[in-house]
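Observations on the model geometry
Listed below, chain by chain, are the residues.
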Amino acid sequence: MRIVLLGAPGSGKGTQSQRLIERFHIPQISTGDLLRAAVAHGTPLGLQAKEAMAAGRLVADEIVLGMIRERLGEPDTRDGFILDGFPRNIAQARALDEMLAQVDQPLETVVQMNVDYSELSRRIAGRRTCTDCGKVVNLLTSPPETLEHERCPKTGQSHRLYQRPDDNEATVAERLRVYEAQTRPLIDYYRDQGLLRSIDAEGDVAVVSARLEQALKG
Ligand code: AMP
């Protein structure tokens, strides 16, 4: 199963990817996660990516494509993968098509996750990550009182939550603008290839998962 999840920041791509991993036993490949790890480790790629990420702009295609090429070469992607946050523009989508054509493993489905602008901003404002285990939670659906009782699998204590630096209001506005200008055209690109399915990605996480699974069944 070779899938792309397409949607604006806050549309739930990461959350739904986690559920698909458990359901289909295929890895999630998130360029955002790969880039954040590179920044955290201070690698040369991370240093190059840092400024664009902090400003909410796209990181240069050659950096992202290099990461994707390397990741898709790993053996755990043999039975499929979920691409989350990649491709982000037409040039990346074309490069991905070429990469996959070379190994005769074309994309099977692209699911567009639709969420209203106001709901996206609300979700992003509530998003927090655990410093220790990396779990992403949302204060809207998991209020602090509930989270207090949950143990971090790494420390055995309550999660230590932080807000992603690019989830602040000004950067989010820029990320949404970049999505509209550069990523939204991918909807037509994949529709023309006959790969696009669209789902309503608002509402309960489990309900959205059910819609997603239905879309993947075709
Ligand atoms: P995300 O976690 O997907 O929201 O990505 C966070 C940030 O990483 C984005 O705002 C971009 O700066 C960068 N990024 C992630 N994926 C890509 C990509 N495919 N192309 C360019 N930049 C990306």
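See the structure printed just above.
Residues numbered from 1 in each chain as written. Predicted model: local features only at pLDDT ≥ 70, side-chain atom pairs only at ≥ 80, totals over all residues. Heavy atoms only, no water.

What follows concerns the overall build of the chain. Per the secondary structure count, the chain includes 10 helices and eight strands. Here the C-alpha radius of gyration of the chain, 17 Å, is about what a compact globule of 218 residues would show, namely 17 Å. A principal-axis box enclosing the C-alpha atoms of the chain has dimensions of 50 × 40 × 35 Å. Within the chain, residue pairs in contact and separated by at least 24 positions form 69% of the contacts whose partners lie at least 6 positions apart. For the chain, the centre of its 28 positive side-chain charges and the centre of its 31 negative side-chain charges are spaced 2 Å apart. (Helix = DSSP H or I, 4+ residues; strand = E, 2+ residues; numbered from the N terminus. Rg over C-alpha atoms; globule rule 2.2 N^0.38 Å. Contact = heavy atoms within 4.5 Å. Lys, Arg positive; Asp, Glu negative; His and termini not counted. Charge placed at Lys NZ, Arg CZ, Asp CG, Glu CD.)

Turning our attention to helix α10 (residues 205–217). Because an α-helix packs 3.6 residues into every turn, residues spaced three or four apart end up facing the same way. Helix length check: α10 (13 residues) gives 19 Å between terminal C-alpha atoms against 18 Å at 1.5 Å per residue, within 8%. Among all positions of α10, only V208, S209, L212, A215 and L216 are buried. One face of α10 carries all of its buried residues, which in axial projection span an arc of 120 degrees. Among the exposed residues of α10, those oriented more than 90 degrees off its buried face are Q214 and K217. In this structure, the buried residues of α10 make contact with β1 (2–6), α1 (13–24), β4 (109–114) and β8 (196–200). Residue D204 occupies the N-cap position of α10, its side-chain oxygen lying 3.2 Å from the main-chain nitrogen of A206. Once α10 finishes, G218 follows within two positions and takes phi at roughly 85 degrees, a positive value. (Expected span 1.5 Å × (residues − 1). Buried < 20%, exposed > 50% of the residue type's maximum accessible area, 1.4 Å probe, protein only. Arc of directions from axis to C-beta. Polar contact = N/O pair within 3.5 Å; in protein donor to acceptor, adjacent residues only side chain to side chain.)

Remark: helix α4 (residues 61–72) packs on helix α5 (residues 90–102), axes separated minimally by 11 Å, with the N-to-C direction vectors making an angle of 25 degrees. On the basis of their axis angle, the class for α4 and α5 is roughly parallel. The two elements α4 and α5 meet at a crossing, and its hand is right-handed. Within the contact between the two elements, α4 uses D61, V64, L65, I68, R69 and L72 and α5 uses A91, Q92, A95, L96, M99 and L100. A per-class count over the contact of α4 with α5 returns nine nonpolar, one polar and two charged. (Axes fitted to C-alpha atoms, helices over the stretch in contact; angles between N-to-C directions. Parallel < 35°, antiparallel > 145°, perpendicular 65-115°, else oblique. Left-handed = near helix turned anticlockwise from the far one by under 90°. Nonpolar A, V, L, I, M, F, W, Y, C, P; charged D, E, K, R; others polar.)

This next bit is on the nonpolar core. Counting 51 residues, the largest nonpolar core has L96, L107 and Y190 as its most contacted members. Of the residues forming this core, the biggest block, six residues, is contributed by α4. (Core = buried A, V, L, I, M, F, W, Y, C linked by side-chain atoms within 4.5 Å.)

Here the focus is the sheet that holds strand β6 (residues 136–138). Here three strands make up an open sheet; going across it, the order is β6-β5-β7 and the pairing antiparallel. At either end of the open sheet lies a strand with only one pairing partner, and these are β6 and β7 (161–162). Inspection of the sheet shows strand β5 (residues 127–130) paired to β6 by three bridges, in the antiparallel sense. Bridge pairing in β6 places T129 opposite V136. Sheet strands in contact with helix α6 (residues 117–126) are β5 and β6, and its direction is about 30 degrees off that of β5. (Pairing = 2+ DSSP bridges.)

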